[in-house]
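Reading the structure
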Amino acid sequence: MSKYYIYGITKDNGDVDDQDEAIDRYFYHKYNERGEYCGRFNALRQYLVDRVKEGSTAYTYPNGRIGACCVVKISKNGVEYLKSIPDGNPMNNISALPEM
């Protein structure tokens with residue numbers, strides 16, 4: 001499956017319990033299943049959520065290095081979003097990525 005390295009975000013700043021849920025667009029580098037670089041892209045939240053649910057892997061990519069792995073979470077409002085797995089480095093959190 002493909003790998004996605006998320007280097008930036010945009011937020012809708014809605015009323016949410018988790019700031020990761022407020023992210024509505026991801027900016028990322030994509031590599032295909034053979035490890036070949038496919039380019040830089042951006043997509044709405046649901047696109048990457050669906051790719052991860054299908055088996056692809058997403059990581060944060062702060063400052064040009066691989067950060068935390070991301071998983072799909074569902075908010076109490078039923079919104080699916082990506083959540084970075086805490087790894088002890090707050091800079092690797094998905095909500096800490098630069099807003100584009």
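Everything that follows concerns the structure shown earlier in this document.
What this report covers is the structure whose coordinates are included nearby. The model shown is predicted, which means the values in this text are computed figures rather than measured ones.

1. Let's talk about the overall build of the protein chain
The secondary structure content of the protein chain amounts to one helix and six strands. Ordered by position from N to C terminus, the α and β elements of the protein chain give β-β-β-α-β-β-β. Here the protein chain has a C-alpha radius of gyration of 12 Å; the compact-globule value for 100 residues is 13 Å, and the two agree. Considered along the principal axes of its C-alpha atoms, the protein chain spans approximately 40 × 25 × 25 Å. Evaluated residue by residue, the protein chain yields a buried proportion of 43% over its 100 residues. Partitioning the intrachain contacts of the protein chain with sequence separation of at least 6 by distance along the chain shows that 49% fall at a separation of at least 24. Carbon and sulfur atoms make up 48% of the accessible area of the protein chain, which totals about 5,500 Å².

2. Topic: the packing of aromatic side chains
Per the stated rule, a full pass over the model turns up six aromatic pairs. Ring centres of Tyr5 and Tyr31 lie 5.5 Å apart, and the angle between their planes is 85°; this geometry places the pair in the edge-to-face category. Here Tyr31 lies in strand S2 (residues 23–31) and Tyr5 lies in strand S1 (residues 3–11), a separation of 26 residues in the sequence. On the basis of relative accessible area, Tyr5 is assigned to the buried category, the value being 10%. Note on Tyr5 and Tyr59: the rings are 5.6 Å apart at their centroids and 15° apart in plane angle, and the pair reads as stacked. Residue Tyr5 is found in strand S1, and its partner Tyr59 is found in strand S4 (residues 57–60); the two are separated by 54 residues along the sequence. Here a set of aromatic residues connected by ring pairs shows up, and it is made of Tyr5, Tyr31, Tyr37, Tyr59 and Tyr61. Between the NZ or CZ atom of Arg51 and the centre of the ring of Tyr47, over which it lies, the distance is 4.4 Å.

3. Considering the pattern of salt bridges
Under the criterion given, the structure shown has six salt bridges. Between Arg34 and Glu33 there is a salt bridge, and its shortest N-O distance comes to 3.5 Å. With relative accessibility at 59%, the residue Arg34 sits in the exposed group. A salt bridge links Arg51 to Glu54; the nearest nitrogen and oxygen atoms lie 3.1 Å apart. We classify Arg51 as buried; its relative accessible area is 17%. Among the ionic contacts, a cluster of salt bridges with common partners joins Asp18, Asp20 and Lys83.

What counts, and where the lines are drawn
- Along each chain, numbering runs from 1 in the same order as the chain's sequence is written.
- Since the coordinates come from a predicted model, pLDDT governs what is reported: local features require at least 70, and pairs of side-chain atoms require 80 or more to be given and counted, while whole-chain, interface and lining totals use all residues.
- Calculation of side-chain values draws on the structure's entire complement of heavy atoms; hydrogens and water are dropped beforehand.
- Secondary structure follows DSSP: runs of H or I at least 4 residues long count as helices, runs of E at least 2 residues long count as strands, and numbering of each begins at the N terminus.
- Radius of gyration: C-alpha atoms only; globule rule: 2.2 Å multiplied by the number of residues to the exponent 0.38.
- Throughout this description, buried means an accessible area under 20% of the type-specific maximum (1.4 Å probe, protein chains only), exposed means over 50%, and partly exposed covers the range between.
- Any two residues whose heavy atoms approach within 4.5 Å are treated as being in contact.
- Computed with the Shrake-Rupley method and a 1.4 Å probe, the accessible areas treat only the protein chains shown as cover for residues.
- Ring pairs are drawn from Phe, Tyr and Trp, using the six-membered ring of Trp, whenever the two centres fall within 6.5 Å, and their geometry is named by plane angle: stacked under 30 degrees, edge-to-face over 60, tilted for the rest.
- Charge-over-ring placement is defined geometrically: NZ (Lys) or CZ (Arg) within 6 Å of the ring centre, and within 35 degrees of the ring normal.
- Any carboxyl oxygen of Asp or Glu that lies within 4 Å of a side-chain nitrogen of Lys or Arg is treated as forming a salt bridge with it.

Remember that the coordinates give geometry; whether it matters functionally is a separate question.
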